[in-house]
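Descriptive analysis of the structure
Here is what each chain is made of, one letter per residue.
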Amino acid sequence: MKFRFCGGGDCPDWLLMQINTLSALSVEHFQELCEAVAQSILGTDLDYARMREIAKEASLDISEMKACLSGLNYTLKSGTRYGVAADELGAELQQLGLKSRHAARLTAVYSERRDALTAAAAGNLLRLAQPIKMNVSSTNTGVSMDFEVKDYSDQIKQTKFNMTKEQALLLLADLKTVQGKMKILTPE
């Protein structure tokens, strides 16, 4: 079967195994894990001591707990990435074997934090090097471009290339199209 929260593809086998483990948890522990994972996606550190306590209470070893957290992380991030409605996410998880009470708790957490999760996903969606300086000059055959960018390790790198006039016009048209799409997608 195809699932929207998996990008319209099949559910990964490892996630199917985790859904079985997650269904075995008490509803209260499951909800606490969902909330902890949602908060970690939003930038809050996980309370590892509490995660160990839940693992002990649920008779899970640490690797099973990590796998459960990964499964919830994947589900929340993927549901957000593909714009899946909360009720649809819950229905798909139930089709995969998650108990209905568990699915209801996950969708409640997902619904409550959906805007924040979407904003966090958008912030991490595209990471580009930060431009420092750009020089463009006309040549006999087209355009010469020279960029200086700061990469993630704060090193400045220089890139030079040439384009024909036609290539430069196509690039400009594509950039304008992308800018228009980004304005539609980016909330003000």
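Look above for the structure.
All values derive from a computational prediction rather than experimental measurement.

**Concerning the packing of helix H2 (residues 27-41) against helix H3 (residues 48-57)**
Here H2 crosses H3 at 155°, and the two axes come no closer than 11 Å. The angle between H2 and H3 falls in the class roughly antiparallel. Judged by the twist between their axes, the crossing of H2 over H3 is left-handed. Residue-level contacts link His-29, Glu-32, Leu-33 and Ala-36 of H2 to Arg-50, Met-51, Ile-54 and Glu-57 of H3. The class makeup of the residues in the contact of H2 with H3 is four nonpolar, one polar and three charged.

**Considering unusual backbone geometry**
With a phi close to 60°, Ser-59 is a non-glycine residue in the positive phi region. By the element assignment, Ser-59 lies in the loop between H3 and helix H4 (62-81). Among the residues examined, Ser-59 registers a relative accessible area of 65% and is labelled exposed.

**Some words on H2**
Spanning 15 residues, H2 covers 21 Å between terminal C-alpha atoms, matching the ideal 21 Å at 1.5 Å per step. Three or more residues of H2 are buried, namely Val-27, His-29, Phe-30, Leu-33, Cys-34, Ala-36, Val-37, Ala-38 and Ile-41. Trailing H2 by a residue or two, Gly-43 shows a phi angle of about 115°, which is positive.

Parameters at a glance
- Think of each chain on its own: its residues are numbered from 1, step by step along the sequence as written.
- Only residues with pLDDT of 70 or above have their local features reported here, since the model is predicted, and side-chain atom pairs are shown and tallied only from 80 upward, although totals for entire chains, interfaces and linings are computed over all residues.
- In computing side-chain properties, one takes all heavy atoms of the structure into account and sets aside hydrogens as well as water.
- Working convention: axes come from line fits to C-alpha atoms, limited for helices to the stretch in contact. Angles between N-to-C directions cover 0 to 180 degrees.
- The way it works is that DSSP assigns letters per residue, a run of H or I at least four long becomes a helix, a run of E at least two long becomes a strand, and they are numbered from the N terminus.
- An angle below 35 degrees is read as roughly parallel, one above 145 as roughly antiparallel, one from 65 to 115 as roughly perpendicular, and any other as oblique.
- Helix crossings fall into two classes, left-handed where the near helix is turned counterclockwise from the far one by less than a right angle and right-handed where it is turned clockwise.
- Contact criterion: two residues are considered in contact whenever any of their non-hydrogen atoms come within 4.5 Å of each other.
- Each residue gets one label: Ala, Val, Leu, Ile, Met, Phe, Trp, Tyr, Cys and Pro are nonpolar, Asp, Glu, Lys and Arg are charged, and the others, such as Gly, are polar.
- Three labels apply to residues, based on accessible area from a 1.4 Å probe with only protein chains included: buried if under 20% of the type maximum, exposed if over 50%, partly exposed otherwise in between.
- By this rule, a helix spans an expected 1.5 Å times one less than how many residues it contains.

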